[in-house]
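# Structural overview
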Amino acid sequence: MEPIGCGSDEHWMRLALDLAERAAEENEVPVGALLLRDGVIIGQGWNRPIGAHDASAHAEIQALRDAGRRVGNYRLPGTILYVTLEPCVMCAGAIIHARVAEVVYGACDPKAGACGSLFDLLPSDGRFNHRTGCRGGVLSAQCAERLRAFFRARR
């Protein structure tokens, strides 16, 4: 658990990029996520669908699961999720159900993003009973380059 002392968006996104690096080391798409409540990391995760044999093992889901275990509740109000790539529809749904207050992401995902790039589930879809704020573009160049480098190396 890390206190917020140096808690700028860029600081937290750099930590999420470190988690993305863990995914890359496991030959997974390099996406990392961490969840904060009151300036303390309560959950973290990185992409693991290949290694876990689980299509739902995206970084965001891993961070939500970790936080749920730590706090003893799947509802996570008052939290901020930092993730290196714009969440997909599956992850946006889990984020909404967990009652996350805000998502801050790095790179946009024009092929699957659910925060405005392709779909607009966070925050504008008012049909849900919970609204999650969403901001993108934090260290976007670094987050996008990490993904590009991973896929370049695989070709």
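Above this text sits the structure in question.
Residues numbered from 1 in each chain as written. Predicted model: local features only at pLDDT ≥ 70, side-chain atom pairs only at ≥ 80, totals over all residues. Heavy atoms only, no water.

## Here we look at the environment of Leu 147
Let me state the cut-off plainly: What counts as a helix is a DSSP run of H or I of at least four residues, what counts as a strand is a run of E of at least two, and both are numbered from the N terminus. Note on contacts: a residue pair qualifies if any of its non-hydrogen atoms lie within 4.5 Å across the two residues.
Tracing the backbone through its elements, the reader meets Leu 147 in helix α5 (residues 140-154). In this structure, the C-alpha to C-alpha distance between Leu 147 and Leu 85, residues 62 residues apart in sequence, is 9.0 Å. With residues up to four places along the chain from it excluded, the contact list for Leu 147 reads Val 29, Pro 30, Val 31 and Leu 85.

## As for the nonpolar core
One broad trend across soluble globular proteins is that nonpolar side chains are buried collectively. Where we set the bar: Residue types Ala, Val, Leu, Ile, Met, Phe, Trp, Tyr and Cys, when buried and joined through side-chain atoms within 4.5 Å, form a set referred to as a nonpolar core. Each residue's exposure class comes from its accessible area (1.4 Å probe, protein chains only) as a fraction of the maximum for that residue type: buried when under 20%, exposed when over 50%, partly exposed otherwise.
With 42 residues, the main nonpolar core has Met 13, Leu 34, Leu 35, Leu 81 and Leu 122 as its most contacted residues. Listing elements by their share of this core, those giving two or more residues are α1 (9-25), β1 (32-37), β2 (40-46), α3 (59-71), β3 (79-85), α4 (89-98), β4 (102-107) and α5. Among the elements that line this core, the one with the most residues is α1, at six residues. Among residues more than four places away in sequence, those in contact with Met 13 are Tyr 82, Val 83, Thr 84, Val 104, Tyr 105, Gly 106, Val 138, Leu 139 and Cys 143.

## Concerning unusual backbone geometry
Look at the link from Leu 122 to Pro 123: it is a cis peptide, with omega at -5°. You can see Pro 123 is positioned in the loop between β4 and β5 (133-135). Positive phi, normally seen in glycine, also occurs at Asp 38, with a value near 55°. Here Asp 38 is to be found in the loop between β1 and β2. Residue classification places Asp 38 among the exposed residues on the basis of a relative accessible area of 71%. Residue His 53 is not a glycine yet carries a positive backbone phi of 55°. Following the sequence through the fold, His 53 ends up in the loop between α2 (49-52) and α3.

## Quick word on the side chain of Thr 79
Within the secondary structure, Thr 79 is located in strand β3. Each residue touching Thr 79, except ones within four places of it in the same chain, is listed here: Leu 35, Leu 36, Arg 37, Ile 42, Val 100, Ala 101 and Glu 102.

## Some remarks on the layout of surface pockets
Note the cut-off: A 1.4 Å probe that fits but cannot get out identifies a cavity on a 1 Å grid over protein atoms alone, an open set with protein on both sides within 12 Å along at least five of seven lines counts as a pocket, and a residue lines either if it has an atom within 4 Å of a point. Grid points are joined across faces, edges and corners, and a volume is the space filled by probe spheres set on the points. Three residue categories are used. Nonpolar comprises Ala, Val, Leu, Ile, Met, Phe, Trp, Tyr, Cys and Pro, charged comprises Asp, Glu, Lys and Arg, and polar comprises the others, including Gly.
Looking at the largest pocket, its volume works out to about 530 Å³. Considering every element that reaches the lining of the largest pocket, the biggest residue donor is α5, with five residues. When the residues that make up the lining of the largest pocket are grouped by side-chain class, the tally is 14 nonpolar, two polar and eight charged.

## A word on the sheet that holds β4
What counts is decided by this rule: By definition, two strands form a pair when at least two bridges between them are found by DSSP. Helix axes use the C-alpha atoms of the stretch in contact, all axes being lines fitted to C-alpha atoms, and the angles between their N-to-C directions lie in the range 0 to 180 degrees.
Across the sheet, five strands lie side by side as β2-β1-β3-β4-β5; this open sheet has mixed pairing. Only two strands of the sheet have a single partner each, and these edge strands are β2 and β5. The sheet shows a mean angle of 15° between the axes of neighbouring strands, taken without regard to direction. Pairing analysis gives five bridges linking β1 to β3, with the strands arranged antiparallel. Its bridge partner lying in β3, Leu 35 is registered against Leu 81. On the sheet, α3 packs against β1, β2 and β3 and is oriented at approximately 140° with respect to β2.

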